[in-house]
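This is what each chain is made of:
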Amino acid sequence: MLGRTLLTLIPALLGSVGAFAQDSTTVTACETLLAARRMDAASGSDRAAPSEAGCRRIPRSEIGTVEQRALIGGAPYECMTIQGTAGCRWIVP
């Protein structure tokens, strides 16, 4: 029951958290969850450009389906398929 509740809340949390973190046309995608978590924890102007190895800005239009999900410290993270890449990339909320 708790798992179902958390999965139901993830889209709402992503919408509210992601509004300030990304512009409307691009997102930051990282090869590892650790890199995405570190990018999410960054603040100020450093957050606008990827500063972690393995992270890059990509157009939202290249994002595919969710492959994995994680909830760390109340923050939701999703590893999503990206056109032209193998595996998935962790999207910085």
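Quick caveat, the model's predicted, so the values are computed rather than measured.

Draft legend 1. Examining the side chain of Thr-26 more closely. Locating Thr-26 in the fold gives a position in strand β1 (residues 26–30). Here Arg-57 takes part through its side chain, which lies 2.6 Å from a polar atom of the side chain of Thr-26. Every residue in contact with Thr-26, bar those within four places of it in the chain, is listed here: Arg-57, Ile-58, Pro-59 and Arg-60.

Draft legend 2. View of the state of the cysteines. With the rule as written, the count across this model stands at 2 disulfides. Residue Cys-79 pairs covalently with Cys-88 via a disulfide, S to S 1.9 Å. Between Cys-79 and Cys-88, the S-S torsion sits near 100 degrees, and that sign places the bridge as right-handed. By relative accessible area, Cys-88 is classed as buried at 13%. Here the disulfide map of the chain reads 1-2, 3-4, the bonded cysteines being numbered as they appear in the sequence.

Draft legend 3. Inspection of the sheet that holds strand β3 (residues 63–72) at higher detail. Spatial strand order, β2-β1-β5-β4-β3: 5 strands in an open sheet with antiparallel pairing. Lying at the two open borders of the sheet, with one neighbouring strand each, are β2 (55–59) and β3. Between one strand and the next, the sheet's axes are offset by a mean angle of 40 degrees, whatever the strand orientation. Here β1 pairs with strand β5 (residues 88–91) via 2 bridges, running antiparallel. Paired with Cys-30 across the two strands is Trp-90, which belongs to β5. Contacts from helix α2 (residues 33–41) reach β1, β2, β3, β4 (75–82) and β5, with the element oriented near 125 degrees to β4.

Reading the values: rules and limits
- Residues numbered from 1 in each chain as written.
- Predicted model: local features only at pLDDT ≥ 70, side-chain atom pairs only at ≥ 80, totals over all residues.
- Heavy atoms only, no water.
- Helix = DSSP H or I, 4+ residues; strand = E, 2+ residues; numbered from the N terminus.
- Polar contact = N/O pair within 3.5 Å; in protein donor to acceptor, adjacent residues only side chain to side chain.
- Contact = heavy atoms within 4.5 Å.
- Disulfide = S-S within 2.5 Å.
- Buried < 20%, exposed > 50% of the residue type's maximum accessible area, 1.4 Å probe, protein only.
- Pairing = 2+ DSSP bridges.
- Axes fitted to C-alpha atoms, helices over the stretch in contact; angles between N-to-C directions.

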